[in-house]
Amino acid sequence: MKYIVPFLIGTVTSEMYFIWFDRMSLHTRLTSPASFGDALIFLFKGMKEFHPDIGGKLFEVPVCYLLINIVLALIIGGHAVKDLHGFGKNRLLRYAGRLRWWVTSCIWNVCSVCIYYTLLYAGVVMICIFHYDNFDVSGIGQVIGIHDDAVRVMLSSEITGNVDTQQLFLMIIILPVVTSIAISLLQMTMEFIVLPSVSFIVVMVIYITSAFYMKWFMPGNYMMAYRMIPVNCDGISFGISLIFDIVISVVSVFVGYMFFRKYDVI
């Protein structure tokens, strides 16, 4: 039942995208058709970097960005610790070793994130099918790709020249999933060091501070199209984001196991 939420987020946000698309098309600000890629940009657009020194500029809460990550953190939060003190204790004895239990928990974590995003994208696809009249079905690129003019209108890009839509498409498909896996593994690891509630708070701090500051070492930036280098010349690059996510994941799995070896299950 808990996994129905990402599906609903995908459907509601995608419907908002088509409302926006119809309004922009009516004012002839868009010449391209709708697409799955543009719907994902709308879903993961996030917000521009906040500059409090600019007078009169208010902080705009990136509702969808926070909602996606809060729901996922609630799904992941406390599961491993609760399982260990419940039925998982029997599995731990049956496995005759903590390493196998820890690896199984990490696999569950990764699979949960993948299921979460699969349902999120399924919601987007369903609404896209419902609005098929807005699509140009003459080519697969038109159906699933990202359009330059849509990105410029949607994100108010200040880049001169063409936007690298192919790179942006790869980033918007891959980085949110990989980043969520990294942060979810980090969250699970911290639960064996501090309380699950504290772990959840730390994860929320990571996401919220990322909304304020566009820094390469703040993973939340990797999940916002506004912060990606094809849109923002000072933004986050694909390679650095991917490497940092992998480092977080590997360190979380290793450190988590070190602490879990000494964790009192009784």
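In this report, we go over the structure that sits alongside the text. None of these values were measured; they are calculated from a predicted model.

## Re the overall build of the protein
Next, step 1: Along the protein, the regular secondary structure elements total 11 helices and 0 strands.
Next, step 2: Counted from the first residue to the last, the protein has its helices and strands arranged as α-α-α-α-α-α-α-α-α-α-α.
Next, step 3: For the protein, the proportion of its 266 residues judged to be buried stands at 49%.
Next, step 4: Partitioning the intrachain contacts of the protein with sequence separation of at least 6 by distance along the chain shows that 75% fall at a separation of at least 24.
Next, step 5: Per element, the accessible surface of the protein, about 13,100 Å² overall, is 70% carbon and sulfur.

## So, the packing of helix α1 (residues 4–26) against helix α2 (residues 36–43)
Next, step 1: Two numbers describe how α1 lies on α2: the axes approach to 9 Å, and their chain directions differ by 110 degrees. It follows that α1 is roughly perpendicular to α2 by the angle criterion. Judged by residue contacts, I9, T13, M16, Y17 and W20 of α1 engage D38, A39, F42 and L43 from α2.

## Focus: the packing of α2 against helix α8 (residues 148–155)
Next, step 1: Running from amino to carboxyl end, α2 crosses α8 at an angle of 15 degrees, the nearest separation of the two axes being 10 Å. By the criterion of interaxial angle, the relationship of α2 to α8 is roughly parallel. Once α2 is placed against α8, the crossing between them reads as right-handed. Contacts between α2 and α8 involve D38, I41 and F42 on the former and, on the latter, A150, M154 and L155.
Next, step 2: Its residues assigned to classes, the contact of α2 with α8 shows 5 nonpolar, no polar and 1 charged.

## Description of the pattern of salt bridges
Next, step 1: Enumeration over the complete set of coordinates arrives at 1 salt bridge.
Next, step 2: The salt bridge involving D148 is made with R152; its shortest N-O contact spans 2.7 Å. Here R152 and D148 lie together in helix α8, a separation of 4 residues that amounts to about one turn.
Next, step 3: Judged by relative accessible area, D148 falls into the partly exposed class, the value being 22%.
Next, step 4: When its relative accessible area of 25% is taken as the criterion, R152 is described as partly exposed.

## Considerations on the environment of M24
Next, step 1: Position of M24 among the secondary structure elements: in helix α1.
Next, step 2: Separated by 130 residues in sequence, M24 and M154 have C-alpha atoms that sit 9.5 Å apart.
Next, step 3: Contact partners of M24, with chain neighbours within four places excluded, come to R29, L30 and V153.

## A word on α2
Next, step 1: Most of α2 sits inside the fold, with 8 of its 8 residues counted as buried.
Next, step 2: Listed in full, the buried residues belonging to α2 are F36, G37, D38, A39, L40, I41, F42 and L43.
Next, step 3: On its buried side, α2 packs onto α1, α3 (63–76), α6 (98–130), α7 (140–144), α8 and α9 (165–190).

## Considering the nonpolar core
What tends to happen in soluble globular proteins is that the nonpolar side chains get buried as a cluster.
Next, step 1: With 77 residues, the main nonpolar core has Y17, W20, L43, F44, I68, Y117 and F192 as its most contacted residues.
Next, step 2: At 11 residues, α6 tops the list of elements feeding residues into this core.

## Focus: the environment of K215
Next, step 1: Take K215: it is sitting in the loop between α10 (196–212) and α11 (238–261).
Next, step 2: Residue classification places K215 among the partly exposed residues on the basis of a relative accessible area of 38%.
Next, step 3: Between the alpha carbons of K215 and R227 there is a distance of 9.2 Å; along the sequence they are 12 residues apart.
Next, step 4: If near-sequence neighbours (up to four positions away) are discounted, K215 is found in contact with N221 and I236.

## Side note on α1
Next, step 1: The end-to-end C-alpha separation of α1 is 33 Å, in line with the 33 Å expected for 23 residues at 1.5 Å each.
Next, step 2: For α1, the set of buried residues is P6, I9, G10, T11, T13, S14, Y17, F18, W20, F21 and M24.
Next, step 3: Against α2, α3, α6 and α8 lie the buried residues of α1.
Next, step 4: Among the residues trailing α1, T28 stands out with phi positive, at a value near 55 degrees.

Rules of the game
Residues numbered from 1 in each chain as written. Predicted model: local features only at pLDDT ≥ 70, side-chain atom pairs only at ≥ 80, totals over all residues. Heavy atoms only, no water. Helix = DSSP H or I, 4+ residues; strand = E, 2+ residues; numbered from the N terminus. Buried < 20%, exposed > 50% of the residue type's maximum accessible area, 1.4 Å probe, protein only. Contact = heavy atoms within 4.5 Å. Areas by Shrake-Rupley, 256 points an atom, 1.4 Å probe, with all protein chains shown as cover. Axes fitted to C-alpha atoms, helices over the stretch in contact; angles between N-to-C directions. Parallel < 35°, antiparallel > 145°, perpendicular 65-115°, else oblique. Left-handed = near helix turned anticlockwise from the far one by under 90°. Nonpolar A, V, L, I, M, F, W, Y, C, P; charged D, E, K, R; others polar. Salt bridge = Lys/Arg side-chain N within 4 Å of Asp/Glu carboxyl O. Core = buried A, V, L, I, M, F, W, Y, C linked by side-chain atoms within 4.5 Å. Expected span 1.5 Å × (residues − 1).

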